[in-house]
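Chain by chain, the residues run as shown.
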Amino acid sequence: MMRQSKHLDRDQQLPKWREEIKEKIEEDLAGDPFVLAVFYGESVGKGTSDLYSDIDLRVIVADEVFDRYREEKHVRANRWGDVLFIEEVPYSSYTTIHYDNFIKVDLFQYRLKDIFPSFWFQHIEVFYDATGMLEDVVKKSLALKFEPTVEDIDYWRTKFFAALHELYRRVMRSEYYYALNLLDTMRFLMTVGWDMEAGRQPNALGDWAKIEGARSKLEQWQLERLAEWGSTRNGEEILFAAEKVVAEFKALHASLCENVGIEVDEVWVESIIRKVL
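As the structure is a prediction and not an experimental result, all values here were calculated from the model.

(A) The pattern of salt bridges, seen in detail. Inspection of every chain in the model, using the stated rule, returns 25 salt bridges. Of the charged contacts in the structure, one is a salt bridge between Arg169 and Glu166, with a shortest N-O distance of 3.0 Å. Of this pair, Arg169 and Glu166 both sit in helix α7 (residues 150–172), separated by three residues, roughly a single helical turn. Taking the relative accessible area as the measure of exposure, Arg169 reaches 41% and is therefore partly exposed. Three or more residues are tied together by salt bridges with common partners; here these are Asp28, Asp32, Arg76 and Arg79.

Listed below in C-alpha cells is the structure:
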C-alpha cells in the first residue's frame, strides 16, 4: 500500500491554479495579432481533467513570425506564472513548462500548414480561432475511424520481435535494467495491439498515459495480464515473464493478421521466437 502523500493539501488546489494559468495564457495570446488560434487538447480538451492533468496548449502562429515566437517562448512562459524549469529539445516547436505551483503546460506551436483533420483533433477545446478553420477540422476529424493497416501491423510485430531479441541479449550480459526496460516495451506493445484490435488509436510508442487507472480503456483481464508480466532484477525471472508475454502476443498477432487480411505465418513467427526462448 502506498503511503499517504505529504502534498495532498497542495494537490487539492491544483485545479484552481490550473485555471489561473489558463486565464493568463488566454489574456496574453488573444491580443496578439500573429496568434491565429489557441486551443487545448488531451484531458482539458476532452473535459476529463483530474487533479494532476496538465494543460495541453496548442497555438497556431503566423508563418512570418513562427521562428521568432519559437525562440521567444521562454519569455512568454514567464508571463503565465512562476517558471520552475523548462524541458525541451532545442529549436523544437514543442516545450514543456513546469511552474512553481506544480502545474505543467505542454506547449505546441504550429504553422497553418500543420493543421489538418486527424484523430488528435477529435476532442479539443477552442479558445480563439481567427482563421475560422478549426470548426471544419474538428468536424472532419470526428468523422475519422481508426482502422489498422497492414503496415501498422508489420511495424507493431517487428518492434515486438526486436524488443524480445534485445531483451535476451541484455539478460545474457547481466544488464538487467536494460532488460526490464525492454520487457516494459513488450508489455506496452501489447497495449498497442489491444487498442488496434478494438479499433482505437493507440498511444505513441512509449506513452503509458491512460493505460492504467480510472481513465484506462483496457479491459480488466488485460490490466491483470500487464500486472502479471512484471519481474525483478533476475535474469531467469525476466525471461520467464517474456515467455508469458509472447504466449499472449501470438494469439493477438493472429487476430490482427486476420483483421487486415494478411497471413499469420506461424512457422515464421515461431522461428523468430525460438532464437531466444
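(B) Here's a closer look at the sheet that holds strand β3 (residues 83–88). With respect to topology, six strands assemble into an open sheet ordered β3-β4-β5-β2-β1-β6, the strand pairing being mixed. Looking at which strands have only one partner, the edges of the open sheet turn out to be β3 and β6 (125–129). Sheet twist, expressed as the average angle between the axes of neighbouring strands with direction ignored, equals 20 degrees. Bridge count between β3 and strand β4 (residues 94–99): five bridges; the pairing is antiparallel. By the bridge assignment, Glu87 is partnered in β4 with Thr96. Lying over the sheet, helix α2 (residues 14–30) contacts β1 (35–41), β2 (55–61), β4, β5 (104–110) and β6, oriented at roughly 5 degrees with respect to β2. Across the sheet, helix α6 (residues 134–142) touches β1, β2 and β6, and the angle it forms with β6 is around 150 degrees.

(C) Spotlight on the nonpolar core. If you look at the biggest cluster of nonpolar residues, it comprises 37 residues, and the most contacted ones within it are Trp156, Phe160, Leu167, Met186 and Met190. Within the residue set of this core, elements represented by two or more residues are α7, α8 (176–197), α10 (235–260) and α11 (266–273). With eleven residues, the top contributor of residues to this core is α8. The residues touching Trp156, leaving out its near neighbours within four places in the chain, are Leu189, Met190, Val192, Gly193, Met196, Phe249, Leu252, His253 and Leu256. The next biggest cluster of nonpolar side chains, apart from the first, holds 34 residues, and it includes Ile55, Val61, Tyr69 and Val105.

(D) Representation of the layout of surface pockets. There is about 1400 Å³ of room inside the largest pocket. Taken together, 47 residues line the largest pocket, and the ones lying closest to its centre are Glu42, Lys46, Asn203, Ala209 and Lys210. Within the residue set of the lining of the largest pocket, elements represented by two or more residues are α2, α3 (42–46), β2, β3, β4 and β5. Looking at which element gives the most residues to the lining of the largest pocket, the answer is β5, with four residues. Along the lines of polarity and charge, the residues of the lining of the largest pocket split into 20 nonpolar, eleven polar and 16 charged. Approximately 220 Å³ is the volume attributed to the second largest pocket. For the second largest pocket, the lining is made up of 13 residues, of which Tyr155, Val192, Met196, Pro202 and Asn203 are closest to its centre. Elements supplying a minimum of two residues to the lining of the second largest pocket: α7 and α8. Split by residue class, the lining of the second largest pocket holds ten nonpolar, two polar and one charged.

(E) Expanded view of the packing of aromatic side chains. For the structure on display, the rule yields twelve aromatic pairs. Measuring from centroid to centroid gives 5.9 Å for Phe119 and Phe146, while their planes differ by 70 degrees, and the two rings are edge-to-face. With Phe119 in the loop between β5 and β6 and Phe146 in the loop between α6 and α7, this pair connects stretches of sequence that are 27 residues apart. For the ring pair Trp156 and Phe249, a centre distance of 5.1 Å and an interplane angle of 35 degrees mean the geometry is tilted. Of this pair, Trp156 sits in helix α7 while Phe249 sits in helix α10, placing them 93 residues apart in sequence. For the pair formed by Trp156 and Phe249, the shared burial category is buried. Here the aromatic residues Trp156, Phe160, Phe161, Phe249 and Trp268 are joined through ring pairs into a cluster of three or more. Across the ring face of Phe102, the terminal group of Arg10 is positioned such that the distance to the ring centre comes to 4.1 Å. Directly above the ring of Tyr40 sits Lys22, whose terminal nitrogen or CZ lies 4.5 Å from the centroid.

Cut-offs applied
- Residues numbered from 1 in each chain as written.
- Predicted model: local features only at pLDDT ≥ 70, side-chain atom pairs only at ≥ 80, totals over all residues.
- Heavy atoms only, no water.
- Salt bridge = Lys/Arg side-chain N within 4 Å of Asp/Glu carboxyl O.
- Helix = DSSP H or I, 4+ residues; strand = E, 2+ residues; numbered from the N terminus.
- Buried < 20%, exposed > 50% of the residue type's maximum accessible area, 1.4 Å probe, protein only.
- Pairing = 2+ DSSP bridges.
- Axes fitted to C-alpha atoms, helices over the stretch in contact; angles between N-to-C directions.
- Contact = heavy atoms within 4.5 Å.
- Core = buried A, V, L, I, M, F, W, Y, C linked by side-chain atoms within 4.5 Å.
- 1 Å grid on protein atoms, 1.4 Å probe; cavity = no way out; pocket = protein on both sides within 12 Å on 5 of 7 lines; lining within 4 Å.
- Points joined across faces, edges and corners; volume = space filled by probe spheres on them.
- Nonpolar A, V, L, I, M, F, W, Y, C, P; charged D, E, K, R; others polar.
- Phe/Tyr/Trp six-rings, centres within 6.5 Å; stacked < 30°, edge-to-face > 60°.
- Lys NZ or Arg CZ within 6 Å of the ring centre and 35° of its normal.

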